[in-house]
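So you can see what is in the structure, the chains are spelled out below.
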Amino acid sequence: MTRDRRKWPLYEVFIRGKRGLNHVHVGSLHAADDRMALTHARDLYTRRNEGVSIWVVRSDAITASTPDEKDPFFAPSGDKVYRHPTFYDIPEDVPHI
Amino acid sequence: MSNVEVENDAQHHAQHHAQSGTGERRLQAHFDRTISHNQRIEPRDWMPEGYRKTLIRQIAQHAHSEIIGMQPEGEWITRAPSLRRKAILFAKVQDEAGHGLYLYSAAETLGADRADLTERLIEGRQKYSSIFNYPTLNFADVGVIGWFVDGAAICNQVPLCRSSYGPYARAMVRICKEESFHQRQGYELLMTMMRGTEAQRQMVQDAVDRWWWPSLMMFGPPDSESSHTVQSMAWRIKLHTNDELRQRFVDMTVPQAEKLGVVLPDPQLRWNNERGHHDFSTPDWSELKRVIDGDGPCNAQRMARRRAAHEEGAWVREAAGAYAAKQAAHEAGKKRQEGPAG
Ligand SMILES: [Fe+2]
Ligand SMILES: [Fe+2]
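Residues numbered from 1 in each chain as written. Chains lettered and ligands numbered in written order. Predicted model: local features only at pLDDT ≥ 70, side-chain atom pairs only at ≥ 80, totals over all residues. Heavy atoms only, no water.

Engineer: Any details on a nonpolar patch on the surface? Residues and values, ideally.
Structural biologist: A contiguous nonpolar surface patch, about 710 Å² in accessible area, is contributed by Val81, Tyr82, Phe87, Tyr88, Ile90, Val94 and Ile97 of chain A. Residue classification places valine 94 of chain A among the partly exposed positions, given a relative accessible area of 36%. (Patch = residues over 30% accessible without salt bridge, like charges linked within 9 Å, V, L, I, M, F, W, Y side chains within 5 Å. Areas by Shrake-Rupley, 256 points an atom, 1.4 Å probe, with all protein chains shown as cover. Salt bridge = Lys/Arg side-chain N within 4 Å of Asp/Glu carboxyl O. Buried < 20%, exposed > 50% of the residue type's maximum accessible area, 1.4 Å probe, protein only.)

Shown next, in the form of structure tokens:
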């Protein structure tokens, strides 16, 4: 009875709330194809002008990092404090820096 | 892309780590710490099986309630007294469909399958809120549902915006923004009727009398009989007990009823200065139990309607699937003709 529906892939939906902002992930939906995913995303996630642009992408096309915060994946940025402006001591009386 | 939710990965991740007992213990400690620091659990994090299962059941039940909840009011769309009321009711019922879909989407991040959840609802293996098994007898019911039922939903859902599971909390934020319109349109509808004829005022009072007790029951059985509360509160997927939320609803609604000019059907209802809350009578819990067990006034009708909608939509789903397959084949054929790129 529902086998047909199981074939509809899952899509992740990203919305640009207004000009000047990034697209942000808002949720997911099922659709038969890309175009249907886009119209469903419009009906589901922008009923009150929440967006000016929508991206949909099939969930199985996304590659993601593992979530654990201790994961060595993020280690390269963990020990590079010199990438932050607060790493540098500048005398108080130097203006505009 | 940190909050992209891809199902199943979490399980792989968990299996991989849980191979050794110490691994499992470390993961559990990390999970507990995340919750106690009031941080969110995200889909690909390790989580105890009980947490995952309980959440799937809770979110699915919530999603089913939104979907079944379209029916009592949906019946009145074609009979709305004006184009204005019809447009408003249409938008409201459409929102409820949206709420159901946000929640199914959240359940899927835990590894649930959407078609499977629909099947469970249709086969009666998962429940939905008892309130939607009561009939809507006239248009005043539409107003009272917005005021009471959506009001109760707000009491329930606002705290859940801080629930420990990220996708659930985010769905709740989206839903709560929309519920405020639902409650206000209902109250405004009732205010309009109260300014009308004596007969209209009686319709409002009659609807209030019928919906008051079922609305109080929406919060579930009393704390003394609520079995899952302690664990769910420790997991922060429930933030207040049923009785606390019920009390909050009563306190919120009493002054609104006074302003509207209706009487809430409870002679024991009065302000208790010591407690700083209203005292009220105990709802008839045997009625709640009956309705939950399938013996409410409209259980059979709601289920039959949901099943019919699903079956009558089968050809649409099939046609869309066939169209998508044909388009994909067409695209593939075009690419072959163009030959290898570059
Ligand atoms: Fe809702
Ligand atoms: Fe609502």
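Now that the structure has been shown, the text picks up again.
Engineer: Describe in detail the nonpolar core, supporting the description with residues and values.
Structural biologist: In terms of nonpolar packing, the biggest core is built from 94 residues, with Leu29 of chain A together with Tyr51, Trp147, Phe148 and Trp211 of chain B touching the most fellow members. Looking at this core element by element, the count peaks at 11 residues for helix H7 (residues 139-160) of chain B. Apart from residues no more than four positions distant in its own chain, tyrosine 51 of chain B is found in contact with Phe31, Ile35, Ile41, Ser164, Tyr165, Trp235 and Ile237 of chain B. (Core = buried A, V, L, I, M, F, W, Y, C linked by side-chain atoms within 4.5 Å. Helix = DSSP H or I, 4+ residues; strand = E, 2+ residues; numbered from the N terminus. Contact = heavy atoms within 4.5 Å.)

Engineer: So, the state of the cysteines: which residues are in play, and what are the values?
Structural biologist: Taken as a whole and judged by the stated rule, the model has 0 disulfides over all chains. Cysteine cysteine 155 of chain B is unpaired, with the sulfur of cysteine 176 of chain B as its nearest cysteine sulfur at 10 Å. (Disulfide = S-S within 2.5 Å.)

Engineer: Before we move on, can you summarise the sheet that holds strand E1 (residues 10-16) of chain A with the specific residues and values?
Structural biologist: Residues and elements named next belong to chain A. Pairing is antiparallel in the open sheet, where 3 strands are placed in the order E2-E1-E3. The open sheet terminates on both sides in strands that have one partner only, identified here as strand E2 (23-30) and strand E3 (53-58). Recorded for the sheet is a direction-independent mean angle of 25° between the axes of neighbouring strands. As judged from the 7 bridges shared by E1 and E2, these two strands associate in the antiparallel manner. Among the inter-strand pairings, phenylalanine 14 is bridged to a residue of E2, identified as histidine 25. (Pairing = 2+ DSSP bridges. Axes fitted to C-alpha atoms, helices over the stretch in contact; angles between N-to-C directions.)

Engineer: I'd like to hear about the coordination of the iron ion (ligand 2), residue by residue, with values.
Structural biologist: Residue and element names in this part refer to chain B. On the protein side, the iron ion (ligand 2) has Glu96 (OE), Asp150 (OD), Glu179 (OE) and His182 (ND1) as donor atoms, found 2.0 to 2.2 Å from it. Considering all 4 donor atoms around the iron ion (ligand 2), the spread of angles at the metal, 85 to 170°, places the coordination shape in the irregular class. Site description for the iron ion (ligand 2): donor spacing in sequence, E-x53-D-x28-E-x2-H. (Donors = N, O, S within 2.8 Å, 3.2 Å for Na, K, Ca; no water. Tetrahedral: all angles 85-135°; square planar, octahedral: opposite > 155°, others 65-115°.)

Engineer: A description of the packing of aromatic side chains should follow, citing residues and the corresponding values.
Structural biologist: What the rule picks out here adds up to 15 aromatic pairs over all chains. Here phenylalanine 14 of chain A and tryptophan 55 of chain A contribute two aromatic rings whose centre-to-centre distance is 6.4 Å and whose plane-to-plane angle is 55°, an arrangement assigned as tilted. Highlighted residues: phenylalanine 14 of chain A in strand E1 and tryptophan 55 of chain A in strand E3, separated in sequence by 41 residues. Geometrically, the ring pair formed by phenylalanine 31 of chain B and tyrosine 51 of chain B is edge-to-face, given 5.0 Å between the ring centres and 80° between the ring planes. Note that phenylalanine 31 of chain B is positioned in helix H2 (residues 21-36) and tyrosine 51 of chain B in helix H3 (residues 49-68), a separation of 20 residues in sequence. By the burial criterion, phenylalanine 31 of chain B is buried, and tyrosine 51 of chain B matches it. The rings of Trp147, Phe148, Tyr187, Trp212, Phe219 and Phe249 of chain B are connected pair by pair, giving a single aromatic cluster. Taking NZ or CZ as reference, arginine 174 of chain B lies 5.6 Å from the ring centre of tyrosine 102 of chain B, over its face. (Phe/Tyr/Trp six-rings, centres within 6.5 Å; stacked < 30°, edge-to-face > 60°. Lys NZ or Arg CZ within 6 Å of the ring centre and 35° of its normal.)

Engineer: So what's going on with the pattern of salt bridges? Which residues, and what values?
Structural biologist: All names here are of chain B. Applying the stated rule across the entire model yields 24 salt bridges over all chains. The closest approach of N and O atoms between aspartate 206 and arginine 210, which form a salt bridge, is 3.0 Å. With aspartate 206 and arginine 210 both in helix H9 (residues 198-217) and 4 residues apart, this pair spans about one turn of that helix. A relative accessible area of 33% means that aspartate 206 is categorised as partly exposed.

Engineer: How would you explain the coordination of the iron ion (ligand 1) if you had to name every residue and give the values?
Structural biologist: All names here are of chain B. In this structure, Glu66 (OE), Glu96 (OE), His99 (ND1) and Glu179 (OE) serve as the protein donors to the iron ion (ligand 1), at separations of 2.1 to 2.4 Å. Between the 4 donor atoms coordinating the iron ion (ligand 1), the angles at the centre fall across 82 to 148°, so the site counts as irregular. Considered as a linear motif, the donors of the iron ion (ligand 1) on their single chain read E-x29-E-x2-H-x79-E. Taken as a pair, the iron ion (ligand 1) and the iron ion (ligand 2) lie 3.3 Å from each other and share glutamate 96 as a ligand. Here glutamate 66 is found in helix H3, whereas its partner glutamate 96 is found in helix H5 (residues 83-108), with 30 residues between them in sequence. No difference in accessibility class separates glutamate 66 from glutamate 96, as the two residues are buried.

Engineer: Can you lay out the environment of threonine 192 of chain B for me, pointing to particular residues and giving the numbers?
Structural biologist: All names here are of chain B. Here threonine 192 shows up in helix H8 (residues 166-194). The class of threonine 192 is partly exposed, set by a relative accessible area of 35%. Considered as a pair, threonine 192 and leucine 260 are 68 residues apart in the sequence and their alpha carbons are 9.9 Å apart. Here the side chain of threonine 192 touches glutamate 188 through a polar contact of 2.8 Å, landing on its backbone oxygen. (Polar contact = N/O pair within 3.5 Å; in protein donor to acceptor, adjacent residues only side chain to side chain.)

Engineer: Let's hear about the packing of H8 of chain B against helix H11 (residues 242-260) of chain B: which residues, and what values?
Structural biologist: Residues and elements named next belong to chain B. Taken N-terminus to C-terminus, the directions of H8 and H11 make an angle of 30°; their axes are 10 Å apart at the nearest point. Taken together, H8 and H11 sit at an angle that is classed as roughly parallel. In this structure, H8 contributes Gln183, Tyr187, Leu190, Met191 and Met194 to the contact, and H11 contributes Met252, Gln256, Lys259 and Leu260. Looking at the contact of H8 with H11 residue by residue, the classes come out as 6 nonpolar, 2 polar and 1 charged. (Parallel < 35°, antiparallel > 145°, perpendicular 65-115°, else oblique. Nonpolar A, V, L, I, M, F, W, Y, C, P; charged D, E, K, R; others polar.)

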